[in-house]
Amino acid sequence: MTAVVVEALLKSAVLLFVLLTATAYEVLLERKLLGRFQVRYGPNRVGPWGLLQPLADGIKLLTKEDFAPAGADRVVYVAAPVLLMTVALFVYAVIPFGPEVELFGRRVTLYLADVNTALLLVLGASSLGVYGLILGGWSSNSKYSLLGGLRSSAQVISYELSLALAVLAVVLEAGSLSLVRIVQAQEQGWFVLRQPVAFLVFFLSALAETNRAPFDLPEAEQELVAGYQTEYGGFKFVMFYIAEYLAMITQGALAATLFLGGWHGPLLPPVVWFVLKVLLFVVVLIWIRATVPRVRYDQLMGLGWKVLIPVALLNLLVSAVLLL
Amino acid sequence: MEVFLFAVGAALSLAGGLGVVAARQPVHSALSLLVVLGSLAILYLTLAAEFLAVLQVIVYAGAIVVLFLFVIMLLHTRTPESRPSRVGGQWALAVPLGLALWAGLSAAVWGLPGARRDLPQGFGTTESVGRELFGKFLLPFEVASLLLLVGIVAAVVLGSSPTTPAGPRPGGGDQA
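## Description of the overall build of chain B
Okay, so step 1: Scanning chain B for helices and strands turns up six helices and zero strands.
Okay, so step 2: Classification of the 176 residues of chain B by burial places 15% in the buried group.
Okay, so step 3: Put simply, 54% of the contacts in chain B that link residues at least 6 apart link residues at least 24 apart.

As structure tokens, this is what we get:
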């Protein structure tokens, strides 16, 4: 019992460190790549190639004044980013990074928990993330924040449906909700080959779920300043940002796990394959941000409700019939 | 461990329930309700009903309370709550009725066979719940879905404005 608890604690600590470092450097990666896409250098002053930039940014933000706007609902105002970040981190309890390995003479699994409702847990956690957005927008006592919060929560709720429907097709293929079992089922062939339509719907929904361009309506600068996080600064702003960039990694990890074979791949060790797939997904998201202009709000809602959900439903129906 | 989890879940749900009633700000009430529903999920977990626990979070916490919050935010501009409490006279009835409900529930629980039974293999997993739902309880399940469909149709009918005939409105609908 104690050994299990100690192992879980150690794994969680390592996971937290890796994830938070990864998000910090993801921001740097995005700034670097965006710079290159726009024919400029991106950050290159702090450390070699700007590698210490995330550290400098972090220290700057942490030492800022901790303020709240006048008339803000203090408790909710602080709780919103905390909730959002907690929920974003929670997902990693069930995401498998690799199979069992031998470490210090012990069999260690490269995931925290293999529960038989893992996929539902992931979906549930992402549906709780909405509270961070909506409450952050509401408690700031600012019309831009409120409108941004309402927009992003409407967007996230809508696209959660198509995301879940797309993912259900994978569940049908694997016959299990456990992410470990889903990865194991892809040893012979990745599900992206068997479920290309589901992958497409998943990809577009993931793009909208993470509030990324071209679906970054909540932060449309010209209309809403910065959406639900307009009134946030310092550490609370950092938490929002960590959650946002973590969500990109999470969607990458989900795409890798559900469609791209998880840790499976030739030659390289399993964990390396997993990380490569996630990295690829994240780079594609950044690439899209640099390429595609923002869509209009009604176009976004129309795409979600009138195209993606019917397509996902039809795909689910056809897969079910074929599998039977 | 189980007792500890139960104590946490029970205390949280009671605190949340009190919060729902006591909070003056509707948003705070909705958040307290969220605490209640979340702690109920913990209680489901202690009962080895993990599928139900996750569904509780997805459906109630993830969808229904979000809708509550939406409605509150759209309808209720934040005003300083200065109006007097309107539940003053209801205390007299609420206390005995609440006590009666508590007594009834306690009697029902007291009457249950107390012995602990070992759970069958796979109890509370997605598979076993699915088998029960689509086997033994197929008819009620389908009837419930029909009922929900009727509700959706009714909402659409009520929601569409009476002046415009059926069909998409120009401009592509409302903003959020």
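## Things to note about the overall build of chain A
Okay, so step 1: Helix and strand counts for chain A stand at twelve helices and two strands.
Okay, so step 2: Starting at the N terminus and ending at the C terminus, chain A contains elements arranged as α-α-α-β-β-α-α-α-α-α-α-α-α-α.
Okay, so step 3: A globule of 324 residues ought to have a C-alpha radius of gyration of about 20 Å, and chain A, at 20 Å, matches this closely.
Okay, so step 4: Buried positions account for 47% of the 324 residues belonging to chain A.

## A short note on the domain arrangement of chain A
Residues and elements named next belong to chain A.
Okay, so step 1: Taken domain by domain, chain A comprises domain 1 (1-63) and domain 2 (66-323).
Okay, so step 2: Placing a centre on the C-alpha atoms of domain 1 and another on those of domain 2 gives a separation of 19 Å.
Okay, so step 3: Across the boundary between the two partners, domain 1 contributes 16 residues, which contact 15 residues of domain 2.
Okay, so step 4: Mapped by element, the contributors of at least two residues to the side of domain 1 that touches domain 2 are helix H1 (2-37) and helix H2 (53-62).
Okay, so step 5: Counting residues per element, the side of domain 1 that touches domain 2 draws most heavily on H1, which supplies 14 residues.
Okay, so step 6: Partitioned by chemical class, the residues of the side of domain 1 that touches domain 2 number eleven nonpolar, two polar and three charged.

## Observations concerning the environment of Leu 172 of chain A
Residue and element names in this part refer to chain A.
Okay, so step 1: Its place among the elements puts Leu 172 in helix H5 (residues 143-174).
Okay, so step 2: Owing to 16 C-beta atoms within 10 Å, Leu 172 belongs among the partly exposed residues under this scheme.
Okay, so step 3: Counting along the chain gives 105 residues from Leu 172 to Lys 277, while the straight-line C-alpha distance between them is 23 Å.
Okay, so step 4: Leave out the neighbours within four places in its chain, and Leu 172 touches Ser 319, Ala 320 and Leu 323.

## Some points on helix H2 (residues 26-46) of chain B
Okay, so step 1: Look at H2 of chain B: 31 Å from first C-alpha to last across 21 residues, which is about the 30 Å you get at 1.5 Å a residue.
Okay, so step 2: Those residues of H2 of chain B lying buried are Val 27, Ala 30, Leu 31, Leu 33, Leu 34, Val 36, Gly 38, Ser 39, Leu 40, Ala 41 and Tyr 44 of chain B.
Okay, so step 3: Next to the buried residues of H2 of chain B lie helix H4 (118-139) of chain A together with helix H1 (2-22) and helix H3 (50-75) of chain B.
Okay, so step 4: The first or second residue beyond H2 of chain B is Ala 48 of chain B, which carries a positive phi of 65°.

## Quick look at the confidence of the model for chain B
The predicted coordinates ought not to be read in detail in places where the model reports low pLDDT.
Okay, so step 1: Per-residue confidence for chain B gives a mean pLDDT of 79, with 81% of residues at or over 70.
Okay, so step 2: Here residues 170-176 of chain B is a poorly scored stretch, pLDDT under 50, and it has eight contacts once near neighbours within four places are set aside; other chains count.

## With respect to helix H12 (residues 297-323) of chain A
Residues and elements named next belong to chain A.
Okay, so step 1: Its 27 residues place the ends of H12 37 Å apart at the C-alpha level, agreeing with the 39 Å of an ideal helix rising 1.5 Å per residue.
Okay, so step 2: Residue Leu 303 marks the point of greatest curvature in H12, where the axis turns by about 30°.
Okay, so step 3: When we look at burial in H12, the residues that qualify are Tyr 297, Leu 300, Met 301, Gly 304, Leu 308, Ile 309, Ala 312, Asn 315, Leu 316 and Ser 319.
Okay, so step 4: Summarising the contacts, the buried residues of H12 are in contact with H5 and helix H8 (196-209).

## Concerning the nonpolar core
Okay, so step 1: Membership of the largest hydrophobic core comes to 113 residues, with the highest contact counts inside it found for Val 167 and Phe 202 of chain A.
Okay, so step 2: In contact with Phe 202 of chain A, not counting residues within four places along its chain, are Leu 163, Ala 166, Val 167, Ala 255 and Phe 259 of chain A.

## Points about unusual backbone geometry
Residue and element names in this part refer to chain A.
Okay, so step 1: At Val 39, a residue that is not glycine, the phi angle is positive and equals roughly 55°.
Okay, so step 2: With respect to the element layout, Val 39 can be found in the loop between H1 and H2.
Okay, so step 3: Exposure remark for Val 39: the 6 C-beta atoms within 10 Å place this residue in the exposed category.

## Structural notes on the packing of H1 of chain A against helix H11 (residues 270-291) of chain A
All names here are of chain A.
Okay, so step 1: Contact pair H1 / H11: the axes reach a minimum separation of 10 Å and the direction vectors enclose 45°. Relative to H11, the element H1 is oriented oblique. Considering how the two elements wind past one another, H1 and H11 form a crossing that is right-handed. Of the residues in H11, those touching H1 at Glu 26, Glu 30, Leu 33, Leu 34 and Phe 37 are Val 282, Ile 286 and Ala 290.
Okay, so step 2: Grouping the amino acids of the contact of H1 with H11 by side-chain chemistry returns six nonpolar, no polar and two charged.

## Topic: the packing of H1 of chain B against H2 of chain B
Residue and element names in this part refer to chain B.
Okay, so step 1: Look at H1 against H2: their axes get within 8 Å of each other, and the N-to-C directions meet at 160°. Looking at the two axes, H1 sits roughly antiparallel to H2. Viewed along their axes, H1 and H2 form a crossing whose handedness is left-handed. Touching Glu 2, Leu 5, Phe 6, Val 8, Gly 9, Leu 12, Ser 13, Ala 15, Gly 16, Gly 17, Gly 19 and Val 20 of H1 are His 28, Ser 29, Ser 32, Leu 33, Val 35, Val 36, Ser 39, Leu 40, Ile 42, Leu 43 and Thr 46, all from H2.
Okay, so step 2: Taken together, the residues of the contact of H1 with H2 sort by class into twelve nonpolar, ten polar and one charged.

## So, the environment of Ser 178 of chain A
All names here are of chain A.
Okay, so step 1: Within the secondary structure, Ser 178 is located in the loop between H5 and helix H6 (179-184).
Okay, so step 2: Residue classification places Ser 178 among the buried residues on the basis of 22 C-beta atoms within 10 Å.
Okay, so step 3: Separated by 65 residues in sequence, Ser 178 and Ala 113 have C-alpha atoms that sit 9.8 Å apart.
Okay, so step 4: If near-sequence neighbours (up to four positions away) are discounted, Ser 178 is found in contact with Asp 114, Val 115, Asn 116 and Ala 118.

## So, the environment of Phe 68 of chain B
Okay, so step 1: Relative to the helices and strands, Phe 68 of chain B resides in helix H3.
Okay, so step 2: Judged by C-beta crowding, with 17 C-beta atoms within 10 Å, Phe 68 of chain B ranks as partly exposed.

Rules behind the numbers
- Residues numbered from 1 in each chain as written.
- Chains lettered and ligands numbered in written order.
- Predicted model: local features only at pLDDT ≥ 70, side-chain atom pairs only at ≥ 80, totals over all residues.
- Helix = DSSP H or I, 4+ residues; strand = E, 2+ residues; numbered from the N terminus.
- Buried ≥ 20, exposed ≤ 12 C-beta atoms within 10 Å, placed from the backbone.
- Contact = placed C-beta atoms within 7 Å.
- Rg over C-alpha atoms; globule rule 2.2 N^0.38 Å.
- Domains from an automatic or database assignment.
- Nonpolar A, V, L, I, M, F, W, Y, C, P; charged D, E, K, R; others polar.
- Expected span 1.5 Å × (residues − 1).
- pLDDT = per-residue confidence, 0-100.
- Bend = angle between axes of the 7 residues up to and from the residue.
- Core = buried A, V, L, I, M, F, W, Y, C linked by C-beta atoms within 7 Å.
- Axes fitted to C-alpha atoms, helices over the stretch in contact; angles between N-to-C directions.
- Parallel < 35°, antiparallel > 145°, perpendicular 65-115°, else oblique.
- Left-handed = near helix turned anticlockwise from the far one by under 90°.

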